Amino acid sequence: MAMGTQIMAASVLSGVNIVFLAALAAVWVRNYRTFRTSLVLGLLAFAVVMLVENAFALYFLFTMQSLYSGDPHVQQAVLVLRALQLLALTFLTYVTMR
């Protein structure tokens, strides 16, 4: 079954989210090695959990397309949620890299 446009866009957004989360995790690992604070460790844990979540989302989007392809409202909801996550990660990445 061919992947719909909205689900393909959601997959791309998950990939971009993974790139941002990997960059954030790299910065927070470096900061944790320097400062050893629980706040930085919490940020690192956040990045790792979100990275795993996005990796699973990509896995399910590509292996179980039938779960998403049956209902266009579900496709739209998945796309909107991935876009909102990208927006939040964009802000977080921007302020972290500054």
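Quantities reported herein were computed from a predicted structural model and do not represent experimental measurements. (Residues numbered from 1 in each chain as written. Predicted model: local features only at pLDDT ≥ 70, side-chain atom pairs only at ≥ 80, totals over all residues. Heavy atoms only, no water.)

K.L.:
Report on a nonpolar patch on the surface, specifying residues and quantitative values.
P.N.:
A surface patch of nonpolar side chains, about 530 Å² in accessible area, is lined by Val 48, Val 52, Phe 56, Tyr 59, Phe 60 and Met 64. If you trace the backbone, Phe 56 turns up in helix H2 (residues 38–63). (Patch = residues over 30% accessible without salt bridge, like charges linked within 9 Å, V, L, I, M, F, W, Y side chains within 5 Å. Areas by Shrake-Rupley, 256 points an atom, 1.4 Å probe, with all protein chains shown as cover. Salt bridge = Lys/Arg side-chain N within 4 Å of Asp/Glu carboxyl O. Helix = DSSP H or I, 4+ residues; strand = E, 2+ residues; numbered from the N terminus.)

K.L.:
Lay out unusual backbone geometry in plain terms, naming residues and giving numbers.
P.N.:
Despite not being glycine, Arg 36 has its phi angle at roughly 55 degrees, a positive value. With respect to the helices and strands, the residue Arg 36 is situated in the loop between helix H1 (5–35) and H2.

K.L.:
I'd love a proper account of the packing of aromatic side chains, names of residues and values included.
P.N.:
Tallying each qualifying case throughout the model produces two aromatic pairs. With a centroid separation of 5.3 Å and 65 degrees between ring planes, the pair formed by Tyr 59 and Phe 60 is classed as edge-to-face. Exposure remark for Phe 60: the relative accessible area of 31% places this residue in the partly exposed category. Grouping aromatic residues by their ring pairs yields a cluster made of Phe 56, Tyr 59 and Phe 60. (Phe/Tyr/Trp six-rings, centres within 6.5 Å; stacked < 30°, edge-to-face > 60°. Buried < 20%, exposed > 50% of the residue type's maximum accessible area, 1.4 Å probe, protein only.)

K.L.:
How would you summarise the packing of H1 against helix H4 (residues 72–97) if you had to cite specific residues and measurements?
P.N.:
At their nearest, the axes of H1 and H4 sit 9 Å apart, and the two run at 25 degrees to each other. If you check the angle between H1 and H4, you find them roughly parallel. Classified by chirality, the crossing of H4 by H1 is left-handed. Here the residues of the contact of H1 with H4 are counted per class, giving 19 nonpolar, nine polar and one charged. (Axes fitted to C-alpha atoms, helices over the stretch in contact; angles between N-to-C directions. Parallel < 35°, antiparallel > 145°, perpendicular 65-115°, else oblique. Left-handed = near helix turned anticlockwise from the far one by under 90°. Nonpolar A, V, L, I, M, F, W, Y, C, P; charged D, E, K, R; others polar.)

K.L.:
Give me the nonpolar core: which residues, what numbers.
P.N.:
Ranked by size, the top nonpolar core spans ten residues in total: Leu 21, Leu 24, Ala 25, Val 27, Trp 28, Val 40, Leu 44, Ala 47, Met 50 and Leu 89. Where this core is concerned, the elements lending two or more residues are H1 and H2. In terms of residues, this core owes the most to one element, H1, which gives five residues. Apart from residues no more than four positions distant in its own chain, Leu 44 is found in contact with Ala 25, Trp 28 and Val 29. (Core = buried A, V, L, I, M, F, W, Y, C linked by side-chain atoms within 4.5 Å. Contact = heavy atoms within 4.5 Å.)

K.L.:
Lay out the side chain of Arg 82 in plain terms, naming residues and giving numbers.
P.N.:
Relative to the helices and strands, Arg 82 resides in helix H4. Taking relative accessible area as the criterion, Arg 82 reaches 11% and is therefore assigned buried. Here the side chain of Arg 82 touches Asn 54 through a polar contact of 3.3 Å, side chain to side chain. (Polar contact = N/O pair within 3.5 Å; in protein donor to acceptor, adjacent residues only side chain to side chain.)

K.L.:
Explain the pattern of salt bridges to me, and be specific about the residues and the numbers.
P.N.:
Per the counting criterion, the structure on display carries one salt bridge. Across the pair Arg 82 and Glu 53 runs a salt bridge, and its minimum N-O distance is 2.9 Å. A residue pair is termed long-range when its members are at least 10 positions apart, and Arg 82 in helix H4 and Glu 53 in helix H2 qualify at 29 residues.

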